[in-house]
Amino acid sequence: MRHLNSVARLSRVTAHRKALLNNLTTELFRHGKITTTRAKAKAMVRLVHKCITFAIRGDLHARRQVLVYVKDNAVVKKLFEIIAHMFQTHQGGYTRIIKLGTRMGDAAEMAVIELVE
């Protein structure tokens, strides 16, 4: 049974889904805003909030925990030095999802996910 198992599967196997969410998270931290499907954006929010909470903590163990999800050292450095200081006083709500409508090719619901400033 799948009781209380609330991970969005996104029609992918586990390894592909984890790689996809890690890449989307890395690009969000790199650019500050990305356009993706609404389902991927909603699945990514949990991972982004976890990484930002680790970055606010700021110790070595937290940096190693973030490196599990974000593979680029330059992005991790930006996360810990710039993004963490932006959210130092926030208790949560680090991201914003804005609906864009549907994509022309397959009518997938699109959204912009961005870091709240």
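Enquirer: Which parts of the structure should I look at to understand the overall build of the chain?
Expert: Along the backbone of the chain there are 4 helices and 3 strands. N-terminal to C-terminal, the α/β element order of the chain is α-β-α-α-α-β-β. Against the 2.2 N^0.38 benchmark of 13 Å for 117 residues, the chain shows a C-alpha radius of gyration of 15 Å, consistent with a compact globule. Across its three principal directions, the C-alpha atoms of the chain cover 40 × 35 × 25 Å. The buried share of the chain, taken over its 117 residues, is 38%. Taking all contacts inside the chain whose residues are at least 6 apart in sequence as the whole, residues at least 24 apart take part in 52%. Counting every atom, the chain has about 7,500 Å² of accessible surface; 54% of that belongs to carbon and sulfur. A distance of 8 Å separates the average location of the 21 positive side-chain charges in the chain from that of its 8 negative side-chain charges.

Enquirer: I tried to follow the layout of surface pockets on my own but got confused; where do I start?
Expert: Left-over empty space is what a probe sized like a water molecule reveals as it rolls over the atoms. In this structure, the largest pocket occupies an estimated 390 Å³ of space. Forming the walls of the largest pocket are 14 residues, and the residues nearest its centre are V7, L21, A43, R46 and L47. Looking at the lining of the largest pocket, the elements with two or more residues in it are α1 (14-31) and α2 (38-57).

Enquirer: Help me out: how do you make sense of unusual backbone geometry in this one?
Expert: Comment: phi is negative for the bulk of residues other than glycine, and the bulk of peptide bonds are trans. One non-glycine residue with positive phi stands out, namely S11, at about 55°. Along the chain, S11 turns up in the segment before α1. Taking relative accessible area as the criterion, S11 reaches 78% and is therefore assigned exposed. Backbone geometry at A107 places phi at a positive 60°, although glycine is not the residue there. Secondary-structure assignment places A107 in the loop between β2 (95-102) and β3 (109-115). For A107, a relative accessible area of 51% translates into the label exposed.

Enquirer: Explain the nonpolar core to me, please; I cannot follow it from the model alone.
Expert: In a soluble, globular protein the nonpolar side chains are often hidden away together inside. Counting 31 residues, the largest nonpolar core has F29, M44, I52, V66, V70, L79 and L115 as the members making the most contacts within it. Counting residues per element, the ones that place at least two in this core are α1, α2, α3 (60-69), α4 (73-86) and β3. Broken down by element, this core gets its largest block of residues, 10 residues, from α2.

Enquirer: Honestly, the sheet that holds β3 in this entry has me stumped. Any pointers?
Expert: Two modes of strand pairing occur in sheets, parallel and antiparallel, and in both the strands are linked by backbone hydrogen bonds. Strand order in this open sheet of 3 strands is β1-β3-β2, and the pairing throughout is antiparallel. Either end of the sheet is taken by a strand with one partner, and the two such strands are β1 (33-37) and β2. Sheet twist, expressed as the average angle between the axes of neighbouring strands with direction ignored, equals 25°. Bridge count between β2 and β3: 7 bridges; the pairing is antiparallel. By the bridge assignment for β3, G101 is matched with M110.

The rules behind these values
Residues numbered from 1 in each chain as written. Predicted model: local features only at pLDDT ≥ 70, side-chain atom pairs only at ≥ 80, totals over all residues. Heavy atoms only, no water. Helix = DSSP H or I, 4+ residues; strand = E, 2+ residues; numbered from the N terminus. Rg over C-alpha atoms; globule rule 2.2 N^0.38 Å. Buried < 20%, exposed > 50% of the residue type's maximum accessible area, 1.4 Å probe, protein only. Contact = heavy atoms within 4.5 Å. Areas by Shrake-Rupley, 256 points an atom, 1.4 Å probe, with all protein chains shown as cover. Lys, Arg positive; Asp, Glu negative; His and termini not counted. Charge placed at Lys NZ, Arg CZ, Asp CG, Glu CD. 1 Å grid on protein atoms, 1.4 Å probe; cavity = no way out; pocket = protein on both sides within 12 Å on 5 of 7 lines; lining within 4 Å. Points joined across faces, edges and corners; volume = space filled by probe spheres on them. Core = buried A, V, L, I, M, F, W, Y, C linked by side-chain atoms within 4.5 Å. Pairing = 2+ DSSP bridges. Axes fitted to C-alpha atoms, helices over the stretch in contact; angles between N-to-C directions.

Treat this as a map of the structure, not an account of what it does.
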